[in-house]
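# Breakdown of the fold
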Amino acid sequence: MPVRERPHVLMTADALGGVWQYSLDLGEGLVRRGLSVTIAVLGPVPPAERIAAAEAASGCRILATGLALDWMARDPAEVREAAAALARLAGSLNADIVHLHSPALAGPDYPVPVVAVSHSCVGTWWEAVETGPLPADLAWRRDLAAAGCATVDALLAPTKAFAAATQAVYGLPASPVVVRNGRRASARPSGALPPASYVFTAGRLWDRAKNAAALDRVAARLDWPLRAAGPMESPSGERVAARHLDCLGRLDDLGVAAHLVRRPVFLSLARYEPFGLAVLEAASAGCALVLSDLASFRELWDGAALFVDPEDEAGAVAAIRGLADDPAERARWGAAARTRAGRYGVEAMTTGVLGIFRACWAGTSARSLGGAAA
């Protein structure tokens, strides 16, 4: 299809987690490559000052739509209505391509090629975290995601491990194209001060995949505090109790960076993690990493992190104590993590996504690229 000299991308995002920063980083990268980017925010509307700051930092136009997020919607009709509204928005903006943060938002009405990145999904989450058949309230979300995966012009995933899981769960004929996430480091390691004597973790702690109960039990056995950044209560009101974690609540990017710059030991005992932007941020700051032994984490951090079974609390405690007792070893692992993090930058992510866009504009199926685009 013919494309303007300055192509216009309509991208979706939400302001509740890592998708927000992913979209801003990618949007800023695309703007620097000469594209025009509008980010349509779904779900809860962020404060006006947060939107203004994001626009200034990224060069993107940000629209708060109030449309339903697929994982917060009450029924399939809300998701389909959001998809139809996004299709109309793409037409009114004269967009050249649409980049969705969830394949469930795909639909038949988009006037231009549609690329979707699957950051996570209920189908693969359930396979990793739960057992038995999906309850009805989750089954229709999985079905919408499956339909979207099968119909978008290009489907992306942030790791090979998650691409394989997505293909298996949804029975796709081809694996999603892998474009690894990138992050512009906001925390600069402070070499003048010794690393902080505490352990740090971050994420949506109410999500059972984050394994907050195991984190709490590990905290009970450590001599150092285990400080946890992130909400303990889900948007639906489900709350996780913690007796031993030092719960910091939801922190903004600067708040997280203020901890990471001190280079605490970073711990994740997640049972499901398609990529892990918080881990990347910690690694960029030079934190030594102790991670659950997941295929995605192995793919990204093998040789640059210590790995433990997510249910092996004694192993996690031993790994952390080993780092605490041996500053030289801790420094070595922190340096290895920082070096590895250099592979996962915004430039590489932008190059990979832009390559997919160009394949769509050229009429080439991005699925035929196979393997990894970046």
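This text goes with the structure placed above it.
Structure report, in brief. (Residues numbered from 1 in each chain as written. Predicted model: local features only at pLDDT ≥ 70, side-chain atom pairs only at ≥ 80, totals over all residues. Heavy atoms only, no water.)

## A short note on the sheet that holds strand 11 (residues 265-268)
- Strand order in the open sheet formed by 6 strands is 10-9-8-11-12-13, and the pairing between neighbours is parallel. Looking at which strands have only one partner, the edges of the open sheet turn out to be strand 10 (246-249) and strand 13 (306-308). Direction aside, the axes of adjacent strands within the sheet are offset by 25 degrees on average.
- Pairing analysis gives 4 bridges linking strand 8 (residues 199-202) to strand 9 (residues 226-229), with the strands arranged parallel. Bridge pairing in strand 9 links threonine 201 to alanine 228. (Pairing = 2+ DSSP bridges. Helix = DSSP H or I, 4+ residues; strand = E, 2+ residues; numbered from the N terminus. Axes fitted to C-alpha atoms, helices over the stretch in contact; angles between N-to-C directions.)

## Description of the pattern of salt bridges
- Inspection of every chain in the model, using the stated rule, returns 19 salt bridges.
- One salt bridge connects arginine 183 with aspartate 25, and the closest N-O pair in it is separated by 3.4 Å. With arginine 183 in the loop between strand 7 (177-178) and strand 8 and aspartate 25 in helix 1 (residues 18-32), this residue pair connects regions lying 158 residues apart in the sequence. The two residues arginine 183 and aspartate 25 agree in class, both being buried.
- Among the ionic pairs, glutamate 233 bridges to arginine 239, the shortest N-O distance being 3.7 Å.
- A residue is classified by how much of its surface remains accessible, and glutamate 233, at 41% relative accessible area, is partly exposed.
- Here the salt bridges do not stand alone but share partners, grouping Glu28, Arg32, Arg33 and Glu347 into one network. (Salt bridge = Lys/Arg side-chain N within 4 Å of Asp/Glu carboxyl O. Buried < 20%, exposed > 50% of the residue type's maximum accessible area, 1.4 Å probe, protein only.)

## Thoughts on the pairing of strand 8
- Taking every second residue as pointing to the same face, both faces of strand 8 are buried, with Val199 and Thr201 on one and Phe200 and Ala202 on the other.
- The parallel pair strand 8 and strand 9 is bridged by helix 7 (residues 212-221), and the resulting crossover is right-handed. (Right-handed = clockwise from strand over helix to strand, strands pointing away.)

## Side note on the sheet that holds strand 1 (residues 8-14)
- Spatially, 3-2-1-4-5-6-7 is the arrangement adopted by the 7 strands of the open sheet, whose pairing is parallel. The open sheet has two edge strands, strand 3 (61-64) and strand 7, and neither has a second partner.
- As defined by bridge partners, strand 6 (residues 154-157) adjoins strand 7 across 2 bridges and the pair is classed as parallel. Looking across to strand 7, one finds that alanine 157 is bridged to valine 178.
- Against the sheet, helix 13 (residues 346-361) makes contact with strand 1, strand 4 (97-100), strand 5 (114-117), strand 6 and strand 7, and its axis sits at roughly 135 degrees relative to strand 4, the strand it touches most. (Contact = heavy atoms within 4.5 Å.)

## Brief notes about the environment of glycine 315
- Within the secondary structure, glycine 315 sits in helix 11 (residues 313-325).
- Distance from glycine 315 to arginine 142, taken between C-alpha atoms, is 34 Å for residues 173 residues apart in sequence.

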